Amino acid sequence: MEAGGLPLELWRMILAYLHLPDLGRCSLVCRAWYELILSLDSTRWRQLCLGCTECRHPNWPNQPDVEPESWREAFKQHYLASKTWTKNALDLESSVCFSLFRRRRERRTLSVGPGHEFDSLGSALAMASLYDRIVLFPGVYEEQGEIILKVPVEIVGHGKLGEVALLASIDQHCSTTRLCNLVFMPAWFSPFMFKTTSGHVQFDNCNFENGHIQVHGPGTCQVKFCTFKNTHVFLHNVPLCVLENCEFVGSENNSVTVEGHPSADKNWAYKYLLGLIKSSPSILPTEDSDSLMSLDLESRDQAWSPRTCDIVIEGSQSPTSPSSTSPKPGSKAGSQEAEVGSDGERVAQTPDSSDGGLSPSGGEEEEEDQLTYRLSYQVQGPRPVLGGSFLGPPLPGASIQLPSCLVLNSLQQELQKDKEAMALASSVQGCLIRKCLFRDGKGGVFVCSYGRAKMEGNIFRNLTYAVRCIHNSKIVMLRNDIHRCRASGIFLRLEGGGLIAGNNIYHNAEAGVDIRKKSNPLILCNQIHHGLRSGIVVLGNGKGIIRNNQIFSNKEAGIYILYHGNPVVSGNHIFKGRAAGIAVNENGKGLITENVIRENQWGGVDIRRGGIPVLRSNLICFGYSDGVVVGDEGKGLIEGNTIYANKGCGVWMMSSSLPHVTSNHVSYNGLYGVAVFSQKDGSGEFPGGHGAQENFSEDGDAILWETELEKDDDPLRRPVTIALVESNSINHNGASGLYVQSSEALHVLTNVIHANGDRGITVAQSNQLTRVANNSISCNRQSGVKVEAQCKVELRGNGIYDNRGHGIITKGDNTVVIENDIIGNRGSGLQLLPRSDTKVIKNRIHSFRAYGIAVRGRAKALVQENIIFQGKTSKTIFQQISNNRECVLQNNKFLVFKKKSDTWRLVNPPARPHLESSLRGPSAAHSGQKVTAMATRITARVEGGYHSNRSVFCTIL
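I will try to describe carefully the structure that is included in this document. Each chain carries its own residue numbering, running from 1 in the direction its sequence is written. Totals for whole chains, interfaces and linings use all residues, but because this is a predicted model, local features are given only for residues with pLDDT of at least 70 and pairs of side-chain atoms are given and counted only at 80 or more. Each side-chain value is worked out from all heavy atoms of the structure, with water and hydrogens disregarded.

### Points about the packing of aromatic side chains
Paired rings are identified among Phe, Tyr and Trp, the last through its six-membered ring, by centres lying within 6.5 Å, and are further divided according to the angle between planes into stacked (under 30 degrees), edge-to-face (over 60) and tilted (the rest). Using the criterion set out here, one finds 17 aromatic pairs in the structure. Ring centres of Trp85 and Tyr131 lie 5.7 Å apart, and the angle between their planes is 45°; this geometry places the pair in the tilted category. Placement of Trp85 in the loop between helix H5 (71–82) and helix H6 (97–105) and of Tyr131 in the loop between helix H7 (121–127) and strand S2 (132–136) is noted, with a sequence separation of 46 residues between them. With a 1.4 Å probe rolled over the protein chains alone, any residue whose accessible area is under 20% of its type maximum counts as buried; one over 50% counts as exposed, and the rest are partly exposed. Take Trp85: its relative accessible area is 2%, and that puts it in the buried class. Under the relative-accessibility criterion, Tyr131 is labelled buried at 2%. Ring geometry for Phe208 and Phe228: centres 4.8 Å apart, planes at 10°, overall stacked. Of this pair, Phe208 sits in strand S12 (residues 207–209) while Phe228 sits in strand S15 (residues 227–229), placing them 20 residues apart in sequence. Exposure remark for Phe208: the relative accessible area of 0% places this residue in the buried category. Under the relative-accessibility criterion, Phe228 is labelled buried at 2%. The rings of Phe184, Phe194, Phe203, Phe208, Phe228, Phe248, Phe438 and Phe460 are connected pair by pair, giving a single aromatic cluster. In this analysis the charged atom, NZ for Lys or CZ for Arg, is taken to sit over a ring once it is within 6 Å of the ring centre and within 35 degrees of the ring normal. One Lys or Arg, Lys266, reaches over the ring of Tyr270 and ends 5.1 Å from the middle of that ring. Secondary structure elements follow DSSP: runs of H or I no shorter than four residues count as helices, runs of E no shorter than two count as strands, and numbering proceeds from the N terminus.

Structural data, given as structure tokens:
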């Protein structure tokens, strides 16, 4: 720039002394001067912005220590906003146009105060003309009667804020007015400090104390840089009002009430306010601010990181990982033969190989024991829902990459996918409240009776509640911070709705978000954490879409659904809660799909007392108790979930519950894969104290949640059908794959139960029929199936292969074993213990070292039309310890091999189970089929390990 050779730094010093009009003129000289004026942002523009008595720091009151991106732009926005009240001058009728412009050119300034032209505001208003400026000098002005504004005027306090106090009740009858730099207090005769019904009012840099402000539609208001102390702002049917950079303190009721649908009749200021809002910097997220982040678990619950891409396994080694079950160095377990326990069950000694299958040793002594013929068969089952990291054991410190369907999206991505949500986020209707602070009072914002409100970038803290939305009202909440409320943070009732997105909601005494009575909001991309109760609660026929949120470290359930609540819960990450991840109770419903539920202290999902959700395609992992708990009278569909590496059971349910558990992948859980217990006799203790206490702490205070709905205590309020466990893959769990201790009927159909740390299926109690059909039960550490005394069990069409104990061992007094393939197990194929009553019909049975069928003591049995393959010697076909007339053999076929090259195949029918004909209904639609050809070499040794069947974790504390 050519300017007499002066350096730019010197020019900046000179220009720093110019006033605003002079800066404007200089910027019009040329482009170089324009750029020079812009370069004064952190100096002269900052001085002008902070020195203006009509405004405060651009980021006041929420972030007064954070500088704006541009001081010049902040000053420009305030200057333009301060002139909104005069925009209607050009809209006046042409008949008064000349008079209008003449008066505006001769706009007067009227001074009020001791020693000035007027002694009171009322006397100055009596002499004021259109758009005159009335300046109140320092002092206290108390008006004894109501002031009526009949002409547009500007009332400004002189000096610093707080030096001019006005005790008055003002009623605006004119089209527009502006009040600035004043302290308002109510007059002695009325709590209303200001009210308008049709005009536009603008407040800048004012304080309001202990009174009310009322605006009725089609009136509008624009409020900026104001403080409200115990003051209630009432907006009724307003088409548009803007409250920006304000502070609300110590309210005894609601700070802001928005009532009624926005008026269709709009005043002159509506279009100018709308344009001002659209021209101001947007608070909607950008892709940069919502970029995907990958943090470890320790940092996620401390930092407000919006995304989660992977999971890092922390803590001690999983109880089902290979090193926890491997023998100590130098152990001779690998060379020992199987031992027989006190109940006749074979207990193996050698651990599984990494895939749960057989791992024959290569020692010379064992080569002579290896049988040289092969028995070929197939195992079929559903594919795992998730692959990759969830197919193997959890390894401490390893990172597990989530599939794309379970990775959290940014808010911008969600809005781009959901056009309705984008339209809500971009809409402005009713009241706009942004960058305000609500603190230390009773209520924040109350929206009722079809009201509309939008809240952006506000802070709500230390209130009884932040926002209440009732009676068909709609709210839009973006990027707000809501914490330390004494009740719920956001409360929706009586068909309230709207969009709640990108908020940080934490440390509230009740639920972060409370939805009830047919309310139906969209809750999107929020962080809801460290609450003293639940993160989100849905009850009383409440609905809503809860999507893509992070809900963590809450004291009670992350999401709690009860009393006919019926939300759609999808794509959320719910983790590190001190109770259940999701609890469905008291006839709650809901569609719960594609969530990541991990590291919660209680069950990942807990369903009780008539809860009937659809739980589909979720990842439920690394919980400190069970994956899914279905308590007393729980129901619902549990389908297509991956339930992985929980320290308790994969699925724990009571026999009085009626769930449909289908097409799930249940693996590497510390205890049972699926456990079914009964408490109807009231006497039994169950492993780990399951069922000892069924109430959430919230249920004890149910009257606080929904006083209008009463719990139906009638146990016969629904028909009793049959719980169903169908088409699941249950593998590599620490104890039995399926454990049944039930007093009611149960169907176990078309499951793959593989490589579990104890038996495949254990039936400890079954007063009514437990039907086990078309399952593949293979490579489990002990027996494939064990049936205890006095149990009623039907085993039909199962494939029971390569288990390290017996194929089936039974003490049951009514056991039917029909059309099963019991092949390659290291103990007996079928062992019948004393006092059992068993029908063994049309099975194919083989055991290498032990007997195909072994009858111990005075067991009652009908053994009919079975095919029994010979093992190593001819003595391994059938064994009967004593002369037992109650054991009847009819039409059985015994096959012996004649040469070492013989190969037997399971044909006509092919190897069981036959899953193609068994899959039906919704299971078939969601489960693929995995067919693995197996040619298993049957070895001489029977190997395995014993696992205690007693739980060490409690689901309900």
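Let's pick the thread back up.
### Considerations on the pattern of salt bridges
Whenever a carboxyl oxygen of Asp or Glu lies within 4 Å of a side-chain nitrogen of Lys or Arg, that contact is scored as a salt bridge. Using the criterion set out here, one finds 27 salt bridges in the structure. Between Arg439 and Glu247 there is a salt bridge; the shortest N-O distance is 2.8 Å. Residue Arg439 is found in strand S26 (residues 437–448), and its partner Glu247 is found in strand S18 (residues 247–249); the two are separated by 192 residues along the sequence. Judged by relative accessible area, Arg439 falls into the partly exposed class, the value being 22%. Judged by its relative accessible area of 11%, Glu247 falls in the buried class. Between Glu510 and Arg533 there is a salt bridge, with the nearest N and O atoms lying 3.0 Å from each other. Of this pair, Glu510 sits in the loop between strand S33 (504–506) and strand S34 (513–516) while Arg533 sits in the loop between strand S36 (527–529) and strand S37 (536–539); the two residues are 23 residues apart in sequence, bridging distant segments of the chain. Residue Arg533 is classed as buried on the basis of its relative accessible area of 9%.

### Let's talk about the packing of helix H2 (residues 20–27) against helix H3 (residues 31–38)
Angles run from 0 to 180 degrees between N-to-C directions of axes, and those axes are lines fitted to C-alpha atoms, restricted for helices to the stretch in contact. In the contact formed by H2 and H3, the axes pass within 7 Å of each other and the chain directions differ by 140°. In terms of axis orientation, H2 runs oblique to H3. On H3, the residues touching Leu23, Cys26 and Ser27 of H2 are Trp33, Tyr34 and Ile37. Think of it as three bins: nonpolar holds Ala, Val, Leu, Ile, Met, Phe, Trp, Tyr, Cys and Pro, charged holds Asp, Glu, Lys and Arg, and polar takes everything else, Gly as well. Of the residues contributing to the contact of H2 with H3, the split by class is 5 nonpolar, 1 polar and no charged. By definition in this entry, angles of less than 35 degrees are roughly parallel, angles greater than 145 are roughly antiparallel, angles of 65 to 115 are roughly perpendicular, and the rest are oblique. Any two residues having at least one pair of non-hydrogen atoms within 4.5 Å are treated as being in contact.

### Things to note about the environment of Ala128
With respect to the secondary-structure elements, Ala128 resides in the loop between H7 and S2. Residues Ala128 and Val151, 23 residues apart in the sequence, show an inter-C-alpha distance of 7.7 Å.

### Re unusual backbone geometry
The peptide bond linking Gly217 to Pro218 adopts the cis configuration, its omega dihedral lying at 5°. Following the sequence through the fold, Pro218 ends up in the loop between strand S13 (212–216) and strand S14 (220–224). Note the cis peptide between Arg912 and Pro913, where omega equals 5°. Even without being a glycine, Asn541 presents a positive backbone phi close to 65°. The phi dihedral of Glu599 is positive, around 60°, even though this residue is not glycine. Looking at Glu599, the relative accessible area reads 6%, which means it is buried.

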